[in-house]
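Given next are the chains, with one letter for each unit.
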Amino acid sequence: MPILSIRDALNQALREEMQRDPNVFLLGEDIGLYDGSFKVTRGLMKEFGEKRVLDTPIAEEIIVGTAIGAAMAGLRPVAEMMTVNFIMVAMDQVVNAAAHIRYMFGGGIKVPIVIRTPGGGGHQLAAQHSHSHENWFAHVPGLKVVAPGTPADAKGMLKSAIRDDNPVMFVENEGTYAVKGEVPDGEHLVPLDKNEVKRPGDDVTICAHSRMLLVALDAAKDLEQLGISAEVVDMRALRPLDMAPVIESVRKTGHAITVEEGWRSFGVGAEIAARIYEEAFDDLDAPVARIAGAEVPTPYNKRLEKLAFPAKADVIVTARALLGKN
Amino acid sequence: MKLDQRPTETARVLSDKSTLLKLYREMLLIRRFEEKTAEMYQMAKIGGFCHLNIGEEATIVGTVSALRKEDYVYSNYREHGHAIAKGVDAKAIMAELFGKETGTSHGRGGSMHLFDHDRRFFGGYAIVGEALPLACGTGYAIRYQDKPEVVMSMFGDGATNIGAFHESLNVAKLWKLPVVFVIINNQYGMGTAVSRASAVTELWKKALAYDMTGERVDGMDVLAVRQVTDRLVAQARDQHEPSLLECVTYRYRGHSMSDPDTYRGKQEVTEWKERDSILKFGEYLKRERLASDRDLEAMDVEVMAEVDAAVKFADESPEPDPKDLFRDVYADEAAS
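Conventions used here
Numbering of residues begins from 1 in every chain and follows the order in which that chain's sequence is written. Each chain takes a letter, starting from A, and each ligand takes a number, starting from 1, following the order in which they are written. Residues qualify for local features only when their pLDDT is at least 70, as the model is predicted, and side-chain atom pairs are given and counted only at 80 or more; totals for whole chains, interfaces and linings, by contrast, use all residues. For the side-chain quantities, the full set of heavy atoms in the structure was used; hydrogens and water were omitted. Here a helix means four or more residues in a row that DSSP labels H or I, a strand means two or more in a row labelled E, and each is numbered from the N terminus. We take the radius of gyration over the C-alpha atoms and set the globule estimate at 2.2 Å times the residue count to the 0.38 power. The buried label goes to any residue with under 20% of its type's maximum accessible area, the exposed label to any with over 50%, and the partly exposed label to all in between, with areas taken from a 1.4 Å probe on protein chains only. Between two residues, a contact is recorded if the distance between any of their heavy atoms is within 4.5 Å. The protein chains shown are the only cover counted for residues, whose accessible areas, like all others here, come from Shrake-Rupley with a 1.4 Å probe. Two parts placed together each lose some accessible area under a 1.4 Å probe, and adding up what both lose gives the buried area. Salt bridges are defined as contacts in which a side-chain nitrogen from Lys or Arg sits within 4 Å of a carboxyl oxygen from Asp or Glu. In this document the domain limits rely on a domain assignment from an automatic tool or a database. In protein, a polar contact means a hydrogen-donor-capable atom and an acceptor-capable atom, both N or O and within 3.5 Å, with residues adjacent in sequence counting only if both atoms are side-chain atoms; elsewhere, any N or O pair within 3.5 Å suffices. Gly is placed with the polar residues, together with every amino acid not listed as nonpolar (Ala, Val, Leu, Ile, Met, Phe, Trp, Tyr, Cys and Pro) or charged (Asp, Glu, Lys and Arg). Throughout, an axis means a line fitted to C-alpha atoms (over the contacting stretch in the case of helices), and angles, computed between N-to-C directions, take values from 0 to 180 degrees. Note on terminology: angles under 35 degrees are roughly parallel, angles over 145 are roughly antiparallel, angles of 65 to 115 are roughly perpendicular, and the others are oblique. Note on convention: the crossing is left-handed when the near helix lies turned anticlockwise from the far helix by less than a right angle, right-handed when the turn is clockwise. For two strands to be treated as a pair, DSSP must find no fewer than two bridges joining them. Working definition: rings of Phe, Tyr and Trp (its six-membered ring) pair if their centres are within 6.5 Å, and the pair is stacked with planes under 30 degrees apart, edge-to-face with planes over 60 apart, and tilted otherwise.

### Focus on the overall build of chain A
The secondary structure content of chain A amounts to 12 helices and 14 strands. In terms of C-alpha radius of gyration, chain A reaches 19 Å, essentially the compact-globule figure of 20 Å for 326 residues. When its C-alpha atoms are laid out on the principal axes, chain A stretches across 60 × 45 × 40 Å. Expressed as a percentage of its 326 residues, the buried residues of chain A come to 63%. Expressed as a percentage of contacts within chain A between residues at least 6 apart in sequence, the contacts between residues at least 24 apart total 82%. Working note: accessible area of chain A is about 12,100 Å², and carbon and sulfur atoms make up 53% of it.

### Quick notes on the interface of chain B and chain A
Each partner contributes to the interface: chain B provides 41 residues, whereas chain A provides 47 residues. Taken together, both faces of the contact between chain B and chain A bury some 3,400 Å²; the carbon and sulfur share is 63%. It is Tyr140(B), Tyr144(B) and Tyr330(B) in chain B that bury the most area against chain A; as a group they hold 21% of the surface buried on that side. At the boundary of chain B and chain A, one finds two salt bridges.

### Things to note about the domain arrangement of chain A
Residues and elements named next belong to chain A. Parsing chain A into structural domains produces domain 1 (3-182) and domain 2 (196-322). Here domain 1 and domain 2 have C-alpha centroids that lie 26 Å from each other. In this complex, domain 1 contributes 32 residues to the contact, which on the side of domain 2 involves 26 residues. Buried area between domain 1 and domain 2, both sides added, is near 2,200 Å², and the carbon and sulfur share of it is 55%. Considering only the surface of domain 1 that becomes buried against domain 2, Gln124, Asn135 and Ala147 emerge as the three largest contributors, covering 23% of it. Where domain 1 packs against domain 2, one counts two salt bridges. Between Asp153 and Arg236 there is a salt bridge, with its nearest N and O atoms 3.0 Å apart. Along the contact surface separating domain 1 from domain 2 lie 17 residue pairs in polar contact (both at pLDDT 80 or more). Grouping the constituent residues of the side of domain 1 that touches domain 2 by class yields 13 nonpolar, 15 polar and four charged.

### Details of the environment of Glu61(A)
The topology assignment puts Glu61(A) in helix α3 (residues 60-72). A relative accessible area of 13% places Glu61(A) in the buried class. Not counting residues up to four positions away in its chain, the partners in contact with Glu61(A) are Val89(A), Ala90(A), Asp92(A), Gln93(A), Pro133(B), Ala164(B) and Glu167(B).

### Details of the packing of helix α2 (residues 17-42) of chain B against helix α12 (residues 293-316) of chain B
To characterise two packed helices, one gives the angle between the axes of the helices and the distance between these axes. Residue and element names in this part refer to chain B. Running from N to C, α2 and α12 cross one another at 45°; their axes reach a closest spacing of 9 Å. Taken together, α2 and α12 sit at an angle that is classed as oblique. Handedness of the crossing formed by α2 with α12: right-handed. Each of Leu21, Tyr24, Arg25, Leu28, Leu29, Arg32, Phe33, Lys36 and Met40 in α2 lies in contact with α12, whose residues at this interface are Leu296, Met299, Asp300, Glu302, Val303, Met304, Glu306, Val307, Asp308 and Val311. Looking at the contact of α2 with α12, its residues break down into 12 nonpolar, no polar and seven charged.

### A closer look at helix α9 (residues 244-253) of chain A
Within α9(A), the full set of buried residues consists of Pro245(A), Val246(A), Ile247(A), Ser249(A), Val250(A) and Thr253(A). Phi turns positive, to about 75°, at Gly254(A), one or two residues after α9(A).

### Some thoughts on the sheet that holds strand β2 (residues 121-124) of chain B
Residues and elements named next belong to chain B. Judged by pairing direction, the sheet is parallel, and its six strands sit side by side in the order β2-β1-β3-β4-β8-β7 without closing on themselves. In this open sheet, the two strands that pair with only one neighbour each are β2 and β7 (213-218). On average, each strand axis in the sheet is inclined to that of its neighbour by 15°, with strand direction left out of account. Looking at chain direction, strand β1 (residues 72-75) and β2 are connected through two bridges and run parallel. From the neighbouring strand, Val73 faces β2, where its bridge partner is Phe121. Helix α7 (residues 163-174) rests against β3 (151-156), β4 (179-185) and β8 (243-248) of the sheet, and its axis sits at about 150° to β4.

### Notes on the pairing of β1(B)
All names here are of chain B. Judged by which residues are buried, β1 turns out to be covered on both faces: Tyr72 and Tyr74 on one side and Val73 and Ser75 on the other are all buried. As defined by bridge partners, β1 adjoins β3 across three bridges and the pair is classed as parallel. Residue pairing for β3: Tyr72 is matched across the bridge by Val151.

### Focus on unusual backbone geometry
The omega torsion of the bond from Arg239(A) to Pro240(A) falls at -5°, within 30 degrees of zero and hence cis. Looking at where Pro240(A) falls in the secondary structure, it is placed in the loop between β12 (237-239) and α9. In this structure, Ala44(B) takes a positive phi of about 65° despite not being glycine. Owing to a relative accessible area of 65%, Ala44(B) belongs among the exposed residues under this scheme. The phi dihedral of Asp211(B) is positive, around 55°, even though this residue is not glycine.

### Examining the packing of aromatic side chains
The full count for this structure, using the stated rule, is 19 aromatic pairs over all chains. Seen from their ring centres, Phe105(A) and Phe115(B) are 4.6 Å apart, and the 15° between their planes marks the pair as stacked. Within this pair, whereas Phe105(A) is found in the loop between α5 (101-104) and β5 (114-119), its partner Phe115(B) is found in the loop between α5 (90-97) and β2, the two belonging to separate chains. Per residue, the accessibility class of Phe105(A) equals that of Phe115(B), and both read buried.

### Section: the environment of Leu134(B)
Here Leu134(B) lies in helix α6 (residues 131-144). Once the C-alpha coordinates of Leu134(B) and Tyr74(B) are considered, the two residues, 60 residues apart in sequence, prove to be 7.9 Å apart. Those residues in contact with Leu134(B), other than ones at most four positions away along the chain, are Gly65(A), Ile68(A), Gly69(A), Met72(A), Gln93(A), Ile101(A), Tyr74(B) and Tyr125(B).

### A short note on the side chain of Glu17(A)
Residues and elements named next belong to chain A. Its place among the elements puts Glu17 in helix α1 (residues 6-20). A residue is classified by how much of its surface remains accessible, and Glu17, at 0% relative accessible area, is buried. Among the polar contacts made by the side chain of Glu17, one reaches the side chain of Lys159 at a distance of 2.9 Å. Aside from chain neighbours lying at most four places away, what touches Glu17 is Val24, Lys159, Ile162 and Arg163.

See the structure below:
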């Protein structure tokens, strides 16, 4: 199977879907002539022309609004928000428009848009360029939210998102674009509503998505050496949130840890923990442990920034503590 | 005021008796519908916010009547009349106001969120300025699919101060989108007068910043509005040139049904009512011997009967089924 980076897997998904369906078009800041801020859209304007790869002004509200209006008239737009931080400017369009239109108009229309956007920190970009907002999106009925962590899932979920009839928030991570892995050629579709075990284990369940999935998998390897068998569940499908593999895993391990880059309060881990308590309380041998970003605006200083985001060591220490092995 | 001479084509259409009477009837229907709506609101048949179009009939009918069935309208939350003018069934509109399953949005939207896919009435939106970017997106889709359609984006004076307005005008001109932006300048953004909210009080001038056609018209004169709109719609359809049209009008009632209307003088309201568009247009029709007093009265009776039938339909329609609370959150039901 070909080995691709997440960046190239996403590029392949976009190219294949644009070849398959003439109604698919891309829009965003510097996605065309510039080839994309993170080069995910590299070469696509050259291949498909300016109509289907639309460079926009730096004006986030019009990017999302244009996508919605075009979708309502029959197209399948894929909007790139250069980074998730800028989407704050367009949140009215995301929530009040994209997420609500179908319901508030009584099902009279659908809004098949994809908003691709990278989030996450760790690059010394400070407070305004280091956010993780997937929990904000996942709070909203009407949106679907996914955050894949592997190249194969990146391709397969983006293709599924483009074919989906709902607004899909497709959350990427700046720190994973170069991560490589096997990616099936051609038609490879991954459902938007299925989470899965990425590494089986018996002692503790670790739930993580996007870049933190990779951190969790890395930690699980080390834990193995320390005599702890960790099962890692990829929480790539955040809304609808597929809890089935988590519950099944917790029934076996009796211990659960959530890992996310974003802030702890009202976060992804909070939701996962609540669902575990609701559905598998009696199977737990200890409270669910949440690992999350420090609740500060992300600092610029490299040493401070490192303290602000979860790392492999945090997962290892937390797992050992949870299992009473410290 | 910046108005060119009436083009020949428009003059022909507007001297046609049946067209003129149709315009009058639509204005009257909106007036009577809204009066009845106020009554139903006071009887608590209608809940939530409720914003009336009374006073703005010439602006609404003058603009929307210039469109074809396949053209799109995006509107705001004061949109009952806009929907009527686009051909949406008055029965379905009243049923929506009543929150009934037979309403345009199956009782999920209410007064501020009317919608009709077939009539291409693409919705009432309750966030000021929100729908302008959507109109641009639909305009982009029209160009993308190479269709001879036009989008009309209707909003109030207050929307011209919001970022989305400027982002929309910019890309409409930049990408040559077939969009006609219509400012319904009724002088107040809720209770704040235009002069207290906008640095530029002749709002059409905001088009100049985007090198876009800007026009200002007496929004109380249906023929003047229709004449200039005809030209702007043709420009959008044939040349993909967007435009900004400011219709200067007035709402006789408060911002919403709960507005005590203390921010403007009674004299001002009275003066505008003296220029009432339906009254003036009726006089014009009589002067031109296109209709008699009796004709207009007969039409009024007919329109009132239509409104009464809408109320009856709404009243007798079923409420949404509680089991359908989650229907249509997603396009695929499994996800709901």
